[in-house]
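# Examination of the molecular architecture
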Amino acid sequence: MRSRTRLGMWSIPLLAAALLGSAMPARAQEKPFVFGLLLVGPYNDKGWSQAHYDAGLYVERKIPGTKMLYIDKVNPSDRPGITIPQVVDDLVAKGAKLVIANSDDMKDGIREAAAQHPDTYFVHVSGDDVLTGKAPSNLSNLMVRMEYGKMMAGFVAALTTKTGKIGYLGPLINEETRRLAAATYLGARHAWSKVRKEPADKLRFKVTWIGFWFNIPGVTADPTQVAQNFFNSGYDVVISGIDTTEALIVASQKRKEGRKVWAVPYDYKGSCEAAPDACLGVPYYNWGPGYVSLVQTAMSGQWKSQWLWLGPDWKDLNNEDTSSLGFTKGPALSPDVAKALDGFVADLASGTLNLFTGPLYYQDGSVFVPAEATASDHDIWTMKQLLQGMEGPSSAK
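Bear in mind that the values here come from a model prediction, so they are computed numbers and not experimental data.

Rules used in this analysis
Residues numbered from 1 in each chain as written. Predicted model: local features only at pLDDT ≥ 70, side-chain atom pairs only at ≥ 80, totals over all residues. Heavy atoms only, no water. Salt bridge = Lys/Arg side-chain N within 4 Å of Asp/Glu carboxyl O. Helix = DSSP H or I, 4+ residues; strand = E, 2+ residues; numbered from the N terminus. Buried < 20%, exposed > 50% of the residue type's maximum accessible area, 1.4 Å probe, protein only. Pairing = 2+ DSSP bridges. Contact = heavy atoms within 4.5 Å. Axes fitted to C-alpha atoms, helices over the stretch in contact; angles between N-to-C directions. Domains from an automatic or database assignment. Buried area = accessible area lost by both parts, 1.4 Å probe. Polar contact = N/O pair within 3.5 Å; in protein donor to acceptor, adjacent residues only side chain to side chain.

On inspection of all chains with the given rule, the structure shows 11 salt bridges. Its salt-bridge partner being Asp377, residue Arg145 comes within 2.9 Å of it at the nearest N-O pair. With a gap of 232 residues between them, Arg145 in the loop between β6 (139-144) and α6 (147-160) and Asp377 in helix α12 (residues 377-381) connect regions that are remote in the sequence. Residue Arg145 is classed as partly exposed on the basis of its relative accessible area, which comes to 22%. Salt bridges here are not isolated pairs; linked through shared partners, they connect Lys107, Asp108, Arg111, Asp128 and Asp129.

Structure (structure tokens):
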């Protein structure tokens, strides 16, 4: 494994000193291609940020002569007063030729940094500045079509629930989180009404938002308490949309008390390991193929500003070299539900089933997708509300 540098909780002067102090390559004649990661959470969070960190390791393995630097916990709570352009300055001083920012809330900062460093390449994960025309030529966007993975999460939840009550533990509210919550609901609704043949109005699907991607004491709602509230009020499956595993941990605790409850974590392939007895499975991101493609274009001089929304490899959903999203079946998933999931995935893969086919309505009754129409990528990307049938707010108060 090639050398890496972890940048922890530093002031800017100390951060720069640490970066510059470790700049010498292993052999003087080598000039590795250095790429930097800005991670919103801890690099080992068993969630979103660790999935990106692992993708950086994947790049080092797959592309000779590459070296990763990373700075984690890049968020206003852990690093108050530190801006994205400041941390980018440090990475560039260290030799980074490409910088990847992995959170929506880094959008403005990474665009500013890209303008300040025109000879460095930038990737903003989950953004759309290329689509809107705001991106400079050295900035690309990358995202994964996790809507499919969320449909799978909703599907197994609805086939497992004994109460017909599914809770969704949401982060902050924006277009991304609305469309992912909606995709989860559509997967659940399909399983409930088309597979179980239950009346659609007997399914309860409630979204509770905590206010950020992970718990920040005193700032967000406590995800542990939110999960407790779900289970204590009759919800027997909680699906996580946040970066950490509180829903799964609480579900496991309840099971030890004799409750028949389950959870579906998010983001990271290994999330079920935190509490396998309660885990139905996990839809996860595999950023490796997208990272490799972008690093290779930068190294080869073939860079172009592009918006990438990468999908699964339907031939092998869990192939780390080809599929940008996967689904790991959890130990708590019953054999019957696992078999039904295989059929559901096959229908999604063939195009036989498209859950974004109308009629679909927003919460306020307005039309999202007309009857006999199918939502476009733009329609899905820019969802303005949650859907009818979902409980919970569509916008922040």
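Turning our attention to the sheet that holds strand β10 (residues 262-264). In space, the 5 strands of this open sheet follow the order β10-β9-β7-β8-β16, with parallel pairing throughout. Taken across any chain shown, the strands that pair with only one partner, and hence form the sheet edges, are β10 and β16 (390-391). Alignment of strand β7 (residues 165-170) against strand β9 (residues 237-240), held across 4 bridges, turns out to be parallel. Each residue of the ladder has a partner; that of Leu169, found in β9, is Ser240. Each of β7, β9 and β10 is contacted by α6, which is oriented at about 170° to β9, the strand it contacts most. Lying over the sheet, helix α9 (residues 246-256) contacts β7, β9 and β10, oriented at roughly 165° with respect to β10.

So, on to the domain arrangement of the chain. Under the domain assignment used here, the chain contains domain 1 (33-145 + 288-310) and domain 2 (146-284 + 326-391). Of the roughly 1,800 Å² buried between domain 1 and domain 2 on both sides combined, carbon and sulfur atoms contribute 60%. Three residues stand out in domain 1 for area buried against domain 2, namely Lys46, Arg145 and Trp309, and they jointly supply 33% of the buried area on that side. If you look at where domain 1 meets domain 2, you find 1 salt bridge. Across the domain 1-domain 2 interface, the total number found is 9 residue pairs in polar contact (both at pLDDT 80 or more).

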